[in-house]
Amino acid sequence: IPLGILSAVRRGSWPDKVSTLSLFLMYSLPQFWAGLMLVLLFGATGLNWLPVLGLHDKDAATFSGLRHFWDLVVHCILPIVCLTYGSLAYLSRQMRGSMLDVVQQDFIRTARAKGLSEKVVVMKHALLNSLIPIVTIMASLLPSMIGGSIVIEYIFTINGMGKLSLDAIVSRDYNIIMATATLSAVL
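Described below are features of the structure shown in this document. (Residues numbered from 1 in each chain as written. Predicted model: local features only at pLDDT ≥ 70, side-chain atom pairs only at ≥ 80, totals over all residues. Heavy atoms only, no water.)

### Some remarks on the overall build of the protein
The number of helices and strands found in the protein is eight helices and zero strands. Taken against the 2.2 N^0.38 rule, which gives 16 Å for 187 residues, the C-alpha radius of gyration of the protein at 21 Å runs more than 25% over that of a compact globule. The contacts of the protein with a sequence gap of at least 6 include a subset with a gap of at least 24, amounting to 62%. Of the roughly 11700 Å² of accessible surface on the protein, 69% is carried by carbon and sulfur atoms. (Helix = DSSP H or I, 4+ residues; strand = E, 2+ residues; numbered from the N terminus. Rg over C-alpha atoms; globule rule 2.2 N^0.38 Å. Contact = heavy atoms within 4.5 Å. Areas by Shrake-Rupley, 256 points an atom, 1.4 Å probe, with all protein chains shown as cover.)

Below, the structure is given as structure tokens:
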């Protein structure tokens, strides 16, 4: 959302052009390819900065509370990046379009004519009115993230709901299929 606001406020500038290009590139990358590239780059075959398998180390049962939590956080970085980069690009572009639409309205011109600072006009008047379509879009992104999680769970060997759903379909476990479909529909 902040990237969309910045892009709309500085329309036509080089930060707008750079963010537009990078967001379109991010949106066009398939999740499975990006996940595999992140594994190669940050895993043991590349920089070896982040773990790429599971949600915990094999010794996680012996860790204390804070170290156990930190282990979970470090293991979740790459899967979360893979699940959210497409949504980030999509939401940023939608926010930019919504913000550009609101900025051209008469009440924004009136707020500027009253002598309000540009920051107040953008953050108080334009932002609140441009968030209405974004909230609607966010509601539809959550179920699609669960659907996309199947690939990410297999790449990072995470036992999650997506993997459970696919395994249930393969083994024809109808109770689990119905439960996961119901949960996805509720979401």
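That covers the picture; the talk isn't over yet.
### Overview of empty space enclosed by the protein
A complete count under the given rule lists one cavity of 30 Å³ or more for this structure. Here the largest cavity is characterised by a volume of approximately 30 Å³. What lines the largest cavity is Leu3, Leu6, Ser7, Arg10, Pro15, Asp16 and Ser19. Taken together, the residues of the lining of the largest cavity sort by class into three nonpolar, two polar and two charged. (1 Å grid on protein atoms, 1.4 Å probe; cavity = no way out; pocket = protein on both sides within 12 Å on 5 of 7 lines; lining within 4 Å. Points joined across faces, edges and corners; volume = space filled by probe spheres on them. Nonpolar A, V, L, I, M, F, W, Y, C, P; charged D, E, K, R; others polar.)

### Side note on unusual backbone geometry
Peptide bonds are, in most cases, trans, and in most cases residues other than glycine have a negative phi. The backbone of asparagine 48 sits at a positive phi, close to 60°, despite the residue not being glycine. Topologically, asparagine 48 is positioned in the loop between helix 3 (31–42) and helix 4 (65–103). Owing to a relative accessible area of 53%, asparagine 48 belongs among the exposed residues under this scheme. A positive phi is found at arginine 172, a non-glycine position, where the angle reads about 55°. Within the secondary structure, arginine 172 is located in the loop between helix 7 (161–171) and helix 8 (174–186). (Buried < 20%, exposed > 50% of the residue type's maximum accessible area, 1.4 Å probe, protein only.)

### Structural notes on the state of the cysteines
All told, the structure shown has zero disulfides when counted by the stated rule. Cysteine cysteine 76 is unpaired, with the sulfur of cysteine 82 as its nearest cysteine sulfur at 12 Å. (Disulfide = S-S within 2.5 Å.)

### A closer look at the nonpolar core
Of all hydrophobic cores here, the largest spans 16 residues; its most connected members are Ile5, Leu91, Met95, Met99, Ile108 and Ala126. Of all the elements in the fold, those that place two or more residues in this core are helix 1 (2–9), helix 4, helix 5 (106–113) and helix 6 (118–155). For this core, the element with the most residues is helix 6, which contributes seven residues. If we skip the residues at most four places from it in the chain, methionine 95 touches Ile1, Gly4, Ile5, Leu127, Ser130, Leu131 and Ile134. Among the nonpolar cores identified, the runner-up in size contains twelve residues, and Leu50, Val52, Leu78 and Phe156 belong to it. (Core = buried A, V, L, I, M, F, W, Y, C linked by side-chain atoms within 4.5 Å.)

### Let's talk about a nonpolar patch on the surface
Judged by side-chain polarity, Leu29, Phe32, Trp33, Leu36, Met37, Leu40 and Val151 come together as a nonpolar surface patch covering roughly 610 Å² of accessible area. At five residues, helix 3 tops the list of elements feeding residues into the nonpolar patch. Note that leucine 36 resides in helix 3. (Patch = residues over 30% accessible without salt bridge, like charges linked within 9 Å, V, L, I, M, F, W, Y side chains within 5 Å. Salt bridge = Lys/Arg side-chain N within 4 Å of Asp/Glu carboxyl O.)

### Some points on the packing of aromatic side chains
Scanning the entire structure with this criterion turns up two aromatic pairs. Measuring from centroid to centroid gives 6.0 Å for tyrosine 27 and tyrosine 90, while their planes differ by 20°, and the two rings are stacked. On the criterion of sequence distance, the pair formed by tyrosine 27 in helix 2 (residues 14–28) and tyrosine 90 in helix 4 is long-range, its members being 63 residues apart. Relative to tryptophan 49, the ring of phenylalanine 42 has its centre 5.8 Å away and its plane inclined at 40°; by these criteria the two rings are tilted. Under the relative-accessibility criterion, phenylalanine 42 is labelled buried at 18%. Residue classification places tryptophan 49 among the exposed positions, given a relative accessible area of 59%. (Phe/Tyr/Trp six-rings, centres within 6.5 Å; stacked < 30°, edge-to-face > 60°.)

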